[in-house]
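Report on the structure
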Amino acid sequence: RLGVIDEAMGAAIVLVAIVTVTVAPLIFVRLAPGRGAARARTIVIAGAGELGLRVAKKLLAHHEPVVIIDFEGDPITRAREHGFETFQANLNRSGDDAASLLQSARALVSTFDDVELSYRVCELAKRRHDIEQVVAHVADPKELPRFEYLGVTATNSMIDRTALLVLLVRSPTLDALLSRGDEDKGICEVVVRNPDHVGKRLRQIALPGDVLALAVRRDEDFLVPHGDTRLNLNDRLTLAGSVDDIRQAEEMFATR
């Protein structure tokens, strides 16, 4: 009205304002820490052998940040040549040289065939660095109780193979998710921490895309969910669906 700004300048200011209010919230959501911060913490793969490389490849396909840790030698060199991020450390010692990596890890997977070495790595992760989620491949089934007493999720190919074969016979469709390497689909466990969803029935929660709730782990109880299942704080919800939709679900159930 004062005539200080001409028509062209006025249109430019309006355009800048529209772009700002449209784009700025999107940029903020992508850059601001909080909802996605916990998920960005590294998963450490202990062992650069064939199993370790396969596990790392699968996790990277699901957009998980992964670092492979092992001794100096051919395995760690081969992992680097395959493009994996690696960390060289003497895992037979106290682990001081790997302390910074383990302190920032949200999970550790031990893939060593040497049971004693694997146990030392898991003990270091659980008792010294307090990593909540530790998973180990245990070659000798007789050693499973020792790992489980430590609080490690231990697997053995002989025992697990039997259970897997029975599962696939009864549910053939699971083969695509569990063993065929469909990188676009996956199964993931998320922790319910967002108070907006606590106390709600599953039918009241709009899960992203094609995500399906398969199970609820509540303390020591394992529940098969249905539409009327109410979620509690810290419930562990097993979800299946496309990788991108599961990532959205993880953010949805994370702390606000």
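We now turn to the structure provided with this report. Within every chain, residues take consecutive numbers counted from 1 along the sequence as written. Local features in this predicted model are restricted to residues of pLDDT 70 or higher, and side-chain atom pairs are both shown and tallied only at a pLDDT of 80 or more, whereas totals for entire chains, interfaces and linings draw on every residue. Side-chain numbers here rest on the full set of heavy atoms in the structure, without hydrogens or water.

This paragraph deals with the pattern of salt bridges. Where charged atoms of side chains with opposite charge meet at close range, the side chains can pair. Take a side-chain nitrogen of Lys or Arg and a carboxyl oxygen of Asp or Glu: if they are within 4 Å of each other, that pair is a salt bridge. The final tally for this structure, using the stated rule, is 12 salt bridges. For R106, the salt bridge is made with E64, and the minimal N-O distance between the two is 2.4 Å. Of this pair, R106 sits in strand β4 (residues 105-110) while E64 sits in the loop between α2 (50-61) and β2 (66-70), placing them 42 residues apart in sequence. On the accessibility criterion, R106 (21% relative accessible area) is partly exposed. Judged by its relative accessible area of 10%, E64 falls in the buried class. Linking D235 and R218 is a salt bridge whose minimum nitrogen-to-oxygen distance equals 2.7 Å. Here D235 is found in the loop between β9 (221-223) and β10 (236-242), whereas its partner R218 is found in strand β8 (residues 212-218), with 17 residues between them in sequence. Through salt bridges that share partners, E132, E189, R217 and R236 make up one connected network. Segments assigned H or I by DSSP are reported as helices when at least four residues long, segments assigned E as strands when at least two residues long, and all are numbered from the N terminus. Using a 1.4 Å probe on the protein chains alone, a residue whose accessible area is under 20% of its type maximum counts as buried, one over 50% counts as exposed, and one in between counts as partly exposed.

Another point: the side chain of D70. Checked against the element boundaries, D70 lands in strand β2. We count Lys and Arg on the positive side and Asp and Glu on the negative side, and we leave His and both chain ends out. Of the side chains with opposite charge, R78 comes closest to the buried, unpaired D70, at an N-O distance of 7.7 Å. Here a polar contact means two N or O atoms within 3.5 Å. Within protein one must be a hydrogen donor candidate and the other an acceptor candidate, and residues neighboring in sequence count only if both atoms are side-chain atoms. A polar contact is formed between the side chain of D70 and the backbone nitrogen of A48, at a distance of 2.7 Å. Residue contacts follow a heavy-atom distance rule, with two residues in contact if any of their heavy atoms lie within 4.5 Å. Those residues in contact with D70, other than ones at most four positions away along the chain, are G47, A48, G49, P75, I76, F87, Q88, A89, L91 and F112.

By definition, two strands form a pair when at least two bridges between them are found by DSSP. Inspection of the sheet shows β4 paired to strand β5 (residues 133-137) by 4 bridges, in the parallel sense. Each residue of the ladder has a partner; that of L108, found in β5, is V134. Convention used here: a crossover is right-handed provided that the path from the first strand, over the helix, to the second strand proceeds clockwise when the strands point away from the viewer. Assessed by its sense of winding, the connection that carries the chain from β4 through helix α5 (residues 115-128) to β5 is right-handed. In terms of handedness, the path from β5 via helix α6 (residues 144-149) over to strand β6 (residues 153-155) forms a crossover that is right-handed.

With that settled, consider a nonpolar patch on the surface. A cluster of nonpolar side chains, L2, V4, I5, M9 and I13, forms an exposed patch at the surface whose accessible area comes to about 570 Å². Relative to the assigned elements, L2 resides in the segment before α1 (7-31). A patch consists of residues whose relative accessible area exceeds 30% and which take part in no salt bridge; residues with like charges are grouped when within 9 Å of each other, and nonpolar side chains (Val, Leu, Ile, Met, Phe, Trp, Tyr) when within 5 Å. All accessibility values rest on the Shrake-Rupley procedure with a 1.4 Å probe; residue burial counts only the protein chains present in the view.

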